[in-house]
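Structural description and commentary
Here are the chains, one letter per residue:
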Amino acid sequence: MTTTAVKRACDACHRRKVKCDGISPCRNCSASQLSCTYNAVPQKKGPKGSRAKVINELKETQRQTSLSAKLQGGINGVAASATLAPTPRLLTKETLKACIDFFFNHMYPAMPILERHRLEQDAMYMDQNLDTYCLLTSLCAFVCLQPGMTMPGPAGMQNDPFSPEMMFGGNIVTSTLLMEETIRVRKGYDYVASPSVNSLCTSYFLFAVHHGLEMHDKAWFHLREATTLAHMARMNEEQAYLQYDSNDSVDAARRRRLYWQLFVTERFVPESCFARSCSIGRKLTNLLAVHMPCSIAAR
DNA sequence: TTATTCGGAAATTAAAAACA
DNA sequence: GTTTTTAATTTCCGAATAAT
């Protein structure tokens, strides 16, 4: 009945949800004096992962949240802690993007434990996956503690649910908030049963954040937790990597680096070091530069 | 009145599962 | 291998709302 859909609508028509004629500049843009661009990168269509994945995830989160709502007697005493579900809009897309950028621009060489493409793919579904959500909140908590990291402020958009003040200590507040969010949401699902690489990274970031905040006992706890999870995932056995090497070399490489990261951190950032305040980022950079084989640190 | 916004139906696409 | 089923993404219709 109607005209056939154009294969690609321009950015403005897409936003406005109006029919685009697909030429440049399109009629709508010309009419409203907008510059007609086609910059948006189309998402991959079609199912991702196993078919039942989403439905099972939804079931699981529903089960967990109803369960935790019952179990939770109110840890902080405030209404906000009635559930272990993620706090809506705590972690904005802008903040997340800024943190991911900062991580890969400044921290990645010292911690090559994330793979950018995978991370960005995963990030799109963080609302559906608690494991991913925790990884991202802990990553942001860690990144926003770093010297030189400025959080995206209210200048651009006005949606700033936890408005990070651009002054001293502002990032510490944000970091603490995100760290607590990670820990809280983590209680809502069983990340120990079959530890994923992401939950390992989450523990590692929790370690790093606590360390940065001078909470050394808890830092140590999370580092040990990460190590324990790594052993549970048999990351100390070379044989365990063989299956990944053939199927998913990116994942295998990540596992190897992560294991080394843990190994080096645990060995060279012992309790004695906790007594002194030092920038974990700088320290690890130095340590890893010396102790990590190039083949592993490379990329 | 016309212009704009946006919920959501329909179409499109691609991966997973089923089949031969 | 090919076909079917299913899920994710896209376009854009048309009702609701805002502007004039």
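Residues numbered from 1 in each chain as written. Chains lettered and ligands numbered in written order. Predicted model: local features only at pLDDT ≥ 70, side-chain atom pairs only at ≥ 80, totals over all residues. Heavy atoms only, no water.

Some details on the environment of M232
The residue M232 is located in helix 9 (residues 216-232) in this model. Since its relative accessible area comes to 41%, M232 is described here as partly exposed. The spacing of M232 and V192 is 40 residues in sequence and 8.7 Å in space, taken between C-alpha atoms. Those residues in contact with M232, other than ones at most four positions away along the chain, are V192 and P195. (Helix = DSSP H or I, 4+ residues; strand = E, 2+ residues; numbered from the N terminus. Buried < 20%, exposed > 50% of the residue type's maximum accessible area, 1.4 Å probe, protein only. Contact = heavy atoms within 4.5 Å.)

Description of the confidence of the model for chain A
Mean pLDDT over chain A: 74, with 67% of residues reaching 70 or higher. Within the model, pLDDT remains below 50 along residues 73-81, and this stretch shows 5 contacts once partners closer than five positions in the same chain are excluded. The low-confidence segment residues 154-170, where pLDDT is below 50, has 17 contacts with residues more than four positions distant or belonging to other chains. (pLDDT = per-residue confidence, 0-100.)

Notes on helix 6 (residues 130-143)
With 14 residues, helix 6 ought to run about 20 Å at 1.5 Å a step, and its terminal C-alpha atoms sit 20 Å apart, in line with that. Within helix 6, 14 of the 14 residues are buried, leaving the element largely enclosed by the surrounding structure. (Expected span 1.5 Å × (residues − 1).)

Comments concerning unusual backbone geometry
Of the consecutive residues S24 and P25, the connecting peptide bond is found in the cis state with omega at 0°. Within the secondary structure layout, P25 lies in the loop between helix 1 (11-16) and helix 2 (27-31). The phi torsion at Q33 lies on the positive side, around 50°, for a residue other than glycine. Residue classification places Q33 among the exposed positions, given a relative accessible area of 72%. Unlike most non-glycine residues, R234 shows phi in positive territory, near 55°. The topology assignment puts R234 in the loop between helix 9 and helix 10 (239-247).

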